Amino acid sequence: MPASRPAVSTAVIGTSPPGRQQPSRSARASADRLRTDRSRRVLPAWRRAAGVLAVVGALAVAVAGAVPAAALPAGGSAALPAGGSAALASTPAPPPRVPAPGGEHPLERRDVDAWLDGLVPAALEGSGIAGAVVAVVHDGEVVTTRGYGWADTATTGGEPVPVEAERTLFRPGSVSKLFTATAVLQLVERGEVDLDTDVSEYVDIDVPRRFDTPVTLRHLLTHTAGFEERVGGLIGTGEVAQPLRDALAQDPPEQVYEPGTVPAYSNYGNALAGYVVERVSGVPFEDFVRQNIFEPAGMTSSTFEQPLPEELRDRMSQGYPSSSEAARPFELVGTAPAGALTSSAPDMARFMLAQLGEPGAGTLLGRETLDLLHAPALTADTLGTLAQAPRMTLGFFDESRNGHRILGHGGDTQYFHAHLQLYPDDRTGVFVAVNSSGSTPAATLTLRESVLHGFTDRYFPGEPAPTAPQPTAQEHAALAAGSYVSSRGMHSTFLAALDVVGATQVTARPGGRLLFTPGPNAAAPALYEEVAPWVWREVGGQRTLAMRVEDGAVQAIAFEGAFALLPAEPERSAGLVLPVAGASVLVLLGAVLAWPVGAVRRRARRRAGAPVAPAGRADRVGRGLTRVAAFAAVVATVGWVFLIGAVMSLQPVPQEAARVTQVLQGIGVLGLVPAAAQVVSAVRGRRGWRRVLGALLVLLALGALAWLAVELRLLAPSVSY
């Protein structure tokens, strides 16, 4: 759906060669001091028991901020990469820093370079990001391309390699989807496909369906085909990428919304559009894009191939969790059209010029088709009042700001993060990419917004349209208050448990305002005010959202074109599920620990000559089965925490592990039978209120976890994710 060192390289296509500026010796040395000494402490038994509740609660920590298209960046330091100064002795001296002109800011190379040089290195320094590139185009020309920081930090040995704007390759992630959309529109322009024909007419695989409404290319490109999200196979490593057809046909997501009605960002949907290109054209998707986009646009350093072609491999930047950590392997994107692009800043500048239809930039689409690609693609006929929020075009997000029309798309792999924006009416484009996730979860998002919003505010200043107080604000705020979950979710598998910790709370505030916690696609809370009936704008900002209301209740809240918030099911609220799960685990853990403790006490009493009433065989068997079930349920609960955390960190999880956890969960469910028998036995045998209460608590705890297993799809037949 994604800051570095003060090393700087600059290049303007066809003019001057790149220059570089290197990090300070003291900053580089600070990386050498970053070592974490992890000690293991043995906790007392009572603290281990209490810790299980913390482990259950850790589900919220492990997955609350997870992003479906990528894992949260690992923590780290903003320190610069290690390496002696001698390793940098042969690096060319940096050019003199360009001072920014005074007064108004002309969109020309000198001003843009000075502004970027004052912004990006400091942002990288404080964000734990190794390297970055920025490209800017305007009025049919490349204004500048700038490179910052390190393509290879040499953290694990060797010499550090600086980012060279002209040469270094980055992975733009989901910015790849713009190339898929362009390829589809090329086929539309040739009359080979139709945007509103069911895609089943073009492919040889079964398209997931729950509704009779056709799934069209228009739906796929606007993220409204109704598919749930899938995480498994999204990004991996290895030597060979999975064929596109196999990636789409094996374990596809379920369709959970009627096509055209609910924005729900989908990597699967975009990749399916890419497969249409492959099937209709008769050539692999990667080859089609090379022949019909890269070559006409002059993009000689770009590819969708995975792994990279031999001639490009030595130019590829390393990818990092943070600048202080070791480089990670080259990532293989499971569905290539959705995110497998590798490119350089100059090539992305050429793509932006071609998208803007600039003369001499290489013709990708005719003027009318470009206008179609850049226009909102859905109407109120299917979206209803959600159409009053920013809408998707056939591939681009509407990211307008300061009264200027801006079309864009961001992208994230695990380690690379990027964003591209076009100003079609101003003949301008900006591209920024980084090669690390940074030292905080929001590091790359903050940096990208600093560049993109800062660029708009500097060169295209303006104010959003004034608004008047809405008389309906108070009433509508009261109706909208509640708990919501993202439409981009997992519904049919055990990852449905993410709804518990991923909810957004919407609270009515004085004056008819709404507080979103967290804000839509943000980490911090955000305050919104109504600017038109059921249309809300961020107070002090420019983000806008719209609501669809049916029968006096809010059914959906749309924002940023491809995303929506839907009313949460009360049964899945964190305020209910986490206390119930935590208390149940503690009760069952107590029952499990009471078994050996009770045996030791009975043995001690026998040795002391005290009478011990023997238990009947049926009672012993019942208690044994109940304790086995209790133990299995506890292990299963903890197992789900770690499985879900691993999945959302994009770590491979064998299906066998999920199946074993399901078996343990099933044993816990079956344990309801002997647990109920124990309650009956305790009551009939008049064994005292403590025994009856204990047996009843165990029964209730097993029942509660069984209910959660069903409600959260932990026992779903499919363990795909």
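To start, this report covers the structure provided alongside it. Values in this document were obtained by computation on a predicted structure and should not be read as measured data. Position numbers for residues count from 1 along each chain, tracking the sequence in the order it is written. In keeping with the predicted nature of the model, local features appear solely for residues at pLDDT of at least 70, side-chain atom pairs appear and are counted solely at 80 or more, and the whole-chain, interface and lining totals rest on all residues. As a rule here, side-chain values cover all heavy atoms of the structure and leave hydrogens and water aside.

**Digging into the sheet that holds strand E19 (residues 553–559)**
The pairing criterion is simple: DSSP has to find at least two bridges between the two strands. Every helix listed is a DSSP run of H or I at least four residues long, and every strand listed is a run of E at least two residues long, numbered separately from the N terminus. Here we have eight strands rolled up into a closed barrel, ordered E13-E14-E15-E16-E17-E18-E19-E20, and antiparallel in their pairing. On average, adjacent strands in this sheet sit at an angle of 30° to one another, irrespective of strand direction. Bridge count between strand E18 (residues 544–550) and E19: six bridges; the pairing is antiparallel. Considered in E19, the bridge of leucine 545 is made with phenylalanine 559. Each axis is a line fitted through C-alpha atoms, taken for helices only over the stretch in contact, and angles between the N-to-C directions span 0 to 180 degrees.

**Quick notes on the pattern of salt bridges**
What makes a salt bridge here is a side-chain nitrogen of Lys or Arg within 4 Å of a carboxyl oxygen of Asp or Glu, nothing more. Inspection of every chain in the model, using the stated rule, returns 28 salt bridges. A salt bridge links arginine 488 to glutamate 229; the nearest nitrogen and oxygen atoms lie 2.7 Å apart. Linking arginine 488 in the loop between strand E13 (482–486) and helix H15 (498–501) with glutamate 229 in the loop between helix H5 (217–221) and strand E6 (235–236), this pair joins segments that are 259 residues apart in sequence. Relative accessibility thresholds used throughout: buried, under 20% of the residue-type maximum; exposed, over 50%; partly exposed, between the two (1.4 Å probe, protein chains only). Residue classification places glutamate 229 among the buried residues on the basis of a relative accessible area of 1%.

**Focus on the packing of aromatic side chains**
The criterion for an aromatic pair is that two Phe, Tyr or Trp rings (for Trp, the six-membered ring) have centres within 6.5 Å, with stacked assigned to planes under 30 degrees apart, edge-to-face to planes over 60 apart and tilted to the rest. A full pass over the atoms with the stated rule returns 19 aromatic pairs. Judged by centre distance (5.2 Å) and plane angle (65°), the ring pair of phenylalanine 516 and tyrosine 528 falls under edge-to-face. A residue pair is termed long-range when its members are at least 10 positions apart, and phenylalanine 516 in strand E15 (residues 513–517) and tyrosine 528 in strand E16 (residues 526–532) qualify at twelve residues. Looking at tyrosine 528, the relative accessible area reads 2%, which means it is buried.

**Details of the environment of glycine 147**
Among the structural elements, glycine 147 can be located in strand E3 (residues 141–152). Look at glycine 147 and you get buried, because its relative accessible area is 0%. Expressed as a C-alpha distance, the spacing of glycine 147 and alanine 433, which sit 286 residues apart in the sequence, is 9.7 Å.

**Focus on the packing of helix H18 (residues 655–670) against helix H19 (residues 672–684)**
Helix packing geometry: the angle between the two helix axes and the distance between the axes. Put simply, H18 and H19 touch, their axes get as near as 5 Å, and they point 30° apart. Considered as vectors, H18 and H19 are oriented roughly parallel to each other. Every residue of H19 that contacts H18 at Gly668, Val669 and Leu670 is listed here: Leu672, Val673 and Pro674. Every angle not falling under 35 degrees, over 145, or within 65 to 115 is termed oblique; those three ranges are roughly parallel, roughly antiparallel and roughly perpendicular. Here a residue-residue contact requires only that any non-hydrogen atoms of the pair lie within 4.5 Å.

**Structural notes on the pairing of strand E17 (residues 535–538)**
Where E16 meets E17, four bridges bridge the pair, whose relative direction is antiparallel. Looking at E17, one finds that glutamate 529 is bridged to arginine 537. The antiparallel hairpin formed by E16 and E17 contains two residues in its connecting segment, where tryptophan 534 sits at a positive phi of about 70°. Relative to E18, E17 is paired through three bridges, and the arrangement is antiparallel. Looking at E18, one finds that arginine 537 is bridged to threonine 544. Here E17 folds back onto E18 in antiparallel fashion, the turn holding five residues, of which glycine 540 has a positive phi close to 80°.

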